[in-house]
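# Structural overview
These are the residues of each chain, in order.
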Amino acid sequence: MSALYVFALTSGPAPALRHANRRIEFVEVAGVHAAIERVARRPEISEEALRSQHDIVMKIAGSVNAILPVRFGAFVDDRELDTIVSMRLGPIRETLEKVAGRVQMTVRVFASGGSPAPRAEPGREQGSGAAYLEKRRQDATGVPTGEAAAISQAVRTLVADERTQRGQGRMRWTLYHLVDRSVLPQYERTIAPFVSPIVAVSGPWPPFAFVPDLWS
Amino acid sequence: VTHIFDQSDASLVDVIDNLLNRGVVLNADVVLALANVDLVYLRLSALLCAADRVLPRGR
């Protein structure tokens, strides 16, 4: 057994890459590939560690056609990685095909000054498990409103997929768009007029928001 | 392809959202706690692996 830190699952291998003094290599796992580093222990969470991992994932994304970034802290042994990937190989392969040649753009829509997001109904903030699950359902299925809806409509024909997340506090909505690399310039031109003090656009990123849920 | 990602400048919000809220969850460690005392430590990946061995084929 060998201890691995996993950065991403990819459709194919790429040459090993270096980042600072770290060596990232690609290993085959159940028919797909994983970009890993052989390490002795899990990294401590810190801004530096997060930024370093983000930079590494960006480098990996630049060297493969399809990537599923892995969340921070994926410290596993090789047998465990093989078991997890083997058990969810179908959704992993489907998603790799879906994100191939595509990038994620992130759009954050904030409330205009002085108008915080509506508060939860009195008495429901702490809530029961059912209330929590209902909120999760609403977050997952919420339909954007206002400026977020206008943006969603404007780029509708340019995105392969869209995920939406209702925000908290001043953050009203986050829209995640999966965009073909070939139409990225057109997407950027279309969305540029919306950028303002209450609309922030970032990317392109690897498709962090379009990965499969391996635990359901 | 590389140059597409070279253009991106990640804010801390992007880094945190991408790496802590998004991305494939390969392992998930859960501590069940009561009154601030850790009771049970579950490694979900280990649990999943164990379930795979216990459940009959085809389920």
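Being a predicted model, the structure only gives us computed values, none of them experimental.

What counts and what doesn't
- Residues numbered from 1 in each chain as written.
- Chains lettered and ligands numbered in written order.
- Predicted model: local features only at pLDDT ≥ 70, side-chain atom pairs only at ≥ 80, totals over all residues.
- Heavy atoms only, no water.
- Helix = DSSP H or I, 4+ residues; strand = E, 2+ residues; numbered from the N terminus.
- Buried < 20%, exposed > 50% of the residue type's maximum accessible area, 1.4 Å probe, protein only.
- Areas by Shrake-Rupley, 256 points an atom, 1.4 Å probe, with all protein chains shown as cover.
- Polar contact = N/O pair within 3.5 Å; in protein donor to acceptor, adjacent residues only side chain to side chain.
- Contact = heavy atoms within 4.5 Å.
- Buried area = accessible area lost by both parts, 1.4 Å probe.
- Salt bridge = Lys/Arg side-chain N within 4 Å of Asp/Glu carboxyl O.
- Pairing = 2+ DSSP bridges.
- Axes fitted to C-alpha atoms, helices over the stretch in contact; angles between N-to-C directions.
- Parallel < 35°, antiparallel > 145°, perpendicular 65-115°, else oblique.
- Nonpolar A, V, L, I, M, F, W, Y, C, P; charged D, E, K, R; others polar.
- Phe/Tyr/Trp six-rings, centres within 6.5 Å; stacked < 30°, edge-to-face > 60°.

## A few points about the overall build of chain A
The number of helices and strands found in chain A is six helices and 10 strands. In chain A, buried positions account for 47% of the 216 residues. Element-wise, carbon and sulfur atoms account for 51% of the exposed surface of chain A, whose accessible area totals about 10700 Å².

## With respect to the side chain of A:Arg108
You can see A:Arg108 is positioned in strand E7 (residues 102-110). Looking at A:Arg108, the relative accessible area reads 7%, which means it is buried. Separated by 2.7 Å, the side chains of A:Arg108 and B:Asp14 make a polar contact. In terms of polar contacts, A:Arg108 uses its side chain to reach the side chain of B:Asp17, at 3.2 Å. Once residues within four sequence positions are removed from consideration, A:Arg108 is found in contact with A:Met171, A:Trp173, A:Thr174, A:Ile198, A:Val199, A:Ala200, A:Ser202, B:Val13, B:Asp14 and B:Asp17.

## Some words on helix H2 (residues 78-87) of chain A
Every buried residue belonging to H2(A) is among A:Glu80, A:Leu81, A:Thr83, A:Ile84 and A:Val85, and all of these are buried. Between the side-chain oxygen of the N-cap and the backbone nitrogen of A:Arg79 there are 3.0 Å, and the N-cap of H2(A) in question is A:Asp77.

## Digging into the interface of chain B and chain A
The interface is formed by 34 residues belonging to chain B together with 46 residues belonging to chain A. With both sides pooled, the region where chain B packs onto chain A buries about 3600 Å², and carbon together with sulfur makes up 64% of that total. Sorting the residues of chain B by area buried against chain A places B:Phe5, B:Leu19 and B:Leu26 first, and these three jointly supply 22% of that buried surface. The interface formed by chain B and chain A holds two salt bridges in total. Where B:Asp14 meets A:Arg108, a salt bridge forms, and the shortest distance between an N and an O atom there is 2.7 Å. Counting every contact that joins chain B to chain A gives 16 residue pairs in polar contact (both at pLDDT 80 or more). Among the elements that line the side of chain B that touches chain A, the one with the most residues is helix H2 (residues 12-21) of chain B, at 10 residues.

## Some words on the pairing of E7(A)
All names here are of chain A. Of all the nine residues making up E7, seven are buried; the element is thus mostly covered by neighbouring parts of the structure. In this structure, E7 lies alongside strand E10 (residues 199-205), joined through five bridges in antiparallel fashion. If you follow Gln-104 over to E10, its bridge partner there is Trp-205.

## Focus on the packing of helix H1 (residues 47-61) of chain A against H2(B)
As a packed pair, H1(A) and H2(B) sit with axes 10 Å apart at the nearest point and diverge in direction by 75°. Here H1(A) is positioned roughly perpendicular relative to H2(B), judged by the angle of their axes. Mapping the contact onto sequence places A:Glu47, A:Leu50, A:Arg51, A:Gln53 and A:His54 in H1(A) and B:Leu12, B:Asp14, B:Val15, B:Ile16, B:Asn18, B:Leu19 and B:Leu20 in H2(B). The residue makeup of the contact of H1(A) with H2(B), split by class, is six nonpolar, three polar and three charged.

## Observations regarding the sheet that holds E10(A)
Backbone hydrogen bonds hold the strands of a sheet together, and the pairing may be parallel or antiparallel. All names here are of chain A. Read across the sheet, four strands follow the order E8-E9-E7-E10 without closing on themselves; strand pairing throughout is antiparallel. Whereas interior strands pair on both sides, the edge strands pair on one side only; in this sheet they are strand E8 (161-166) and E10. If you compare each strand with its neighbour and ignore which way they point, the axes differ by 15° on average. In the sheet, E7 pairs with strand E9 (residues 171-180) via nine bridges, with the strands oriented antiparallel. Opposite Val-107, over in E9, you have Leu-175 as the bridge partner.

## Considerations on the packing of aromatic side chains
Residue and element names in this part refer to chain A. Going through the model one piece at a time under the given rule, you end up with two aromatic pairs over all chains. Ring plane angle 75° and centroid distance 5.2 Å describe the contact between Tyr-5 and Phe-7, whose orientation is recorded as edge-to-face. Given a relative accessible area of 0%, Phe-7 falls into the buried group. Look at Tyr-5 and Phe-72: their rings are 6.5 Å apart centre to centre, the planes differ by 65°, and that puts the pair in the edge-to-face class. Taken together, the residues Tyr-5 in strand E1 (residues 3-10) and Phe-72 in the loop between strand E5 (67-69) and strand E6 (75-77) connect sequence positions 67 residues apart. Judged by its relative accessible area of 1%, Tyr-5 is buried.

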